[in-house]
Amino acid sequence: MADLPAPGNALPRLARSRLPVPGIKRPPRAPEAGIVHLGLGNFHRAHQAVYTADALRHAEGPWGIRGVATGRGRSGPHPVIEGMSQQDELYTVLTLSQGSGPAAQVPGVHHRGLVAAHQTPEVIEAIASDITRIVSLTVTEKGYSLTADGSSLDLDDPAVRADLAGRGDPMTAIGLLVRGLQHRMRGQAAPVTLLSCDNLMDNGGRLRALLDAFIGALPAPERTDLQAYLAASVSTPSTMVDRIVPATTDEHRALAARCFGVRDTVPVVAEPYRLWVLEDDFRASRPAWEEAGAVFTSDVAPYELMKLRLLNGAHSLLAYFGLLRGLARMDQAVADASVGAAVRAAMTDEILPTLTLPEGVNGPAYVAELLRRFANPALGHRTAQVGSDGSLKIPVRWAGAIEENLAAGRVPTVLALGVAAYIKVVTGGPDAYDEAALGVVADPAAARLRKLAARAGGPAEAARILIESGGLLPEQVAGNAEFTSLVAEYATALGTPSGIEAALREVPR
Ligand code: CS2
């Protein structure tokens, strides 16, 4: 990790003894860790950690967090875990708004983190500990070991197979959870809640189905014991999480130094807005997150659907259109006249009509608020970041809306252009977008999708092949000739550098 440029280096490192400073309170000491969190990324540190810190100010409880870094294939010290450990497990959350300076908070709820890849037995022990009441997850869409179409556990994934066979330490999040639960069961620890906080529809139900699938593939005595334990002692409520949290840059570190006089190598930045809607189905106790503004409900689905299709769906459109237009940041993409108008049209005319909104939510007002949030220039949110992992995001964000439009006899043109834009970004080679200026758009399916596209005689045929066999869209969509032809037409149009501009001008808006 790059260190902070001068004059920040001259400042003392963030530490409990150096707080408070003007603008940052000193947090109380983290209580006992009743929460184990898998996925110690920026989103968790700016969302659940902040809700937990705020809840603890209202009601005490054993709600410290033991964070677990879950990335695979990483060797050496983990930058966030090391950085936090050199700062008394503290870090700063900088809230960045348009037109006013940053606000800062140090949540201070974490204990020393663990790296799943190197400290698996400790992670399993933490999950199994009687002190643990909640195991929460932000492992991103790709952390769930899903099949390409996102429907079930990928039993062909070598890591899943190895975890099922019990060869060595578990490598997947699902394997880790099941082994942790198994220890919990053997130790007769108290019931526990597993809380998925990832952008997946019905994330709690999905997590449960994945655990069931994993357990169902284990040999008989293990399987039946775990099935009974899960039914009796484990709940998996669904949640909708929302806060825009870009990747931290050196500028953000410099901002923390400049505005608050703290040298923090691992701060996180976030927009002011935040929302957390949770299904109230906790098997053990929980923090008073409602005191921090979280919403508890018996039905999270309308919130999830609204957020995934409108916010995340529009985000992905902005990212791919923005990348093809040479725009590095999300605020630039939404401010671009042609991109902004097309995305607004998609939200209003193609996505909103597919939703049954939660009670009390006004659709057009929600869309307007999203567009304002996207336009926040202080965040520096990059199109390449949002554009990454599209093969896992598109099935969640666009597929349902496309399918429902087609079922209602409408062809969603902006979403069709979005599919063509994604295909170009991920399979278009070095000329597809300006990687040097905009950053790398990573996608675990890139090699597979490129191979499929290489079979085609041109972009239109490649688009058809990817829609049919890429696993991005459900069969009903792939089988819709009108939609597939439109994507193919757009794919051809995007073959020239100015193609995106012309196509954006032509989509109805
Ligand atoms: C974004 C999300 O990177 C992405 O794909 O769409 O991380 C988005 O910022 C959050 O879901 C907002 O709650």
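The rules behind each value
- Residues numbered from 1 in each chain as written.
- Predicted model: local features only at pLDDT ≥ 70, side-chain atom pairs only at ≥ 80, totals over all residues.
- UniProt positions renumbered as here; feature names shortened; annotations may be inferred.
- Helix = DSSP H or I, 4+ residues; strand = E, 2+ residues; numbered from the N terminus.
- Contact = placed C-beta atoms within 7 Å.
- Buried ≥ 20, exposed ≤ 12 C-beta atoms within 10 Å, placed from the backbone.
- Pairing = 2+ DSSP bridges.
- Near = placed C-beta within 6 Å.
- Nonpolar A, V, L, I, M, F, W, Y, C, P; charged D, E, K, R; others polar.
- Core = buried A, V, L, I, M, F, W, Y, C linked by C-beta atoms within 7 Å.
- Axes fitted to C-alpha atoms, helices over the stretch in contact; angles between N-to-C directions.
- Expected span 1.5 Å × (residues − 1).
- Arc of directions from axis to C-beta.

In the nomenclature of an unreviewed UniProt entry, the chain corresponds to Mannitol dehydrogenase family protein from the organism Streptomyces durmitorensis. Listed in UniProt under the heading Catalytic activity (unreviewed entry), the comment for the chain reads: "D-mannitol 1-phosphate + NAD(+) = beta-D-fructose 6-phosphate + NADH + H(+)".

Visitor: Before we move on, could you go through the overall build of the chain and cite the residues and values that matter?
Guide: Along its length, the chain carries 23 helices and 12 strands. For the chain, the spread of C-alpha atoms along the principal axes amounts to about 60 × 60 × 45 Å. Of the contacts made within the chain by residues no fewer than 6 positions apart, 78% connect residues no fewer than 24 positions apart.

Visitor: An account of the UniProt feature "domain: Mannitol dehydrogenase C-terminal" (unreviewed entry) in the chain is requested, with residue identities and associated values reported.
Guide: What UniProt calls "domain: Mannitol dehydrogenase C-terminal" (unreviewed entry) maps, in this numbering, to residues 299-487. Secondary structure over residues 299-487 splits into 68% helix and 0% strand, and the C-alpha atoms at its two ends are 35 Å apart.

Visitor: Give me the pairing of strand β3 (residues 93-97): which residues, what numbers.
Guide: Counting buried positions along β3 yields four of five residues, so the element is predominantly enclosed. With four bridges connecting them, β3 and strand β4 (residues 100-105) associate as antiparallel partners. Along β4, the bridge assignment pairs V93 with Q105. Where β3 folds back onto β4 in an antiparallel hairpin, the turn is made up of two residues, including G99, whose phi is positive at roughly 85 degrees. Here three bridges tie β3 to strand β10 (residues 268-270), and the two strands are oriented parallel to one another. Within the sheet, the bridge partner assigned to T95 lies in β10 and is A270.

Visitor: Tell me about the site of the ligand, residues and numbers included.
Guide: Around the ligand lies a shell formed by N199, D242, R243, I244, L311, N312, H315, Q385, V386 and K393. When residues of the shell around the ligand are traced back to their parent elements, those giving at least two are α10 (301-324) and α14 (383-387). Of all the elements, α10 adds the most residues to the shell around the ligand, at three residues. Class assignment of the residues belonging to the shell around the ligand gives a composition of three nonpolar, four polar and three charged.

Visitor: Please give an account of the sheet that holds strand β1 (residues 35-38) that cites residues and values.
Guide: Ordered by their spatial adjacency, six strands build an open sheet running β5-β2-β1-β6-β7-β8, and the pairing between neighbours is parallel. Looking at which strands have only one partner, the edges of the open sheet turn out to be β5 (110-115) and β8 (234-235). Here β1 runs beside strand β6 (residues 134-137); their pairing, made up of four bridges, is parallel. Of the residues in β6, the one forming a bridge with V36 is V135.

Visitor: Could you give an account of the nonpolar core, with specific residues and numbers?
Guide: Formed by 157 residues in total, the largest nonpolar core has its most connected members in L318, F321, A420 and V487. The element contributing the most residues to this core is α10, with 14 residues. Residues within four places of V487 in sequence aside, it is in contact with A416, V419, A420, A463 and I467.

Visitor: Summarise the sheet that holds strand β11 (residues 275-279); cite the residues concerned and give the values.
Guide: Here we have three strands laid out as an open sheet, ordered β9-β11-β12, and mixed in their pairing. Since the sheet does not close on itself, it has two edges, and those belong to β9 (239-242) and β12 (295-297), each with one partner. Strand-to-strand twist in this sheet, taken as the mean axis angle between neighbours without regard to direction, amounts to 15 degrees. Strands β9 and β11 of the sheet are contacted by α10, whose axis makes an angle of about 35 degrees with β9.

Visitor: How would you summarise helix α7 (residues 203-216) if you had to cite specific residues and measurements?
Guide: Between the first and last C-alpha of α7 there are 19 Å, a value that for 14 residues agrees with the 20 Å anticipated at 1.5 Å per step. Along α7, the positions that sit buried rather than exposed are N203, G204, R206, L207, L210, L211, F214 and I215. Projected down its long axis, α7 carries its buried residues within an arc of 170 degrees, all on one side. Against the buried residues of α7 lie α5 (158-165), α6 (173-186), β7 (192-196), α8 (220-233), β9 and β11.

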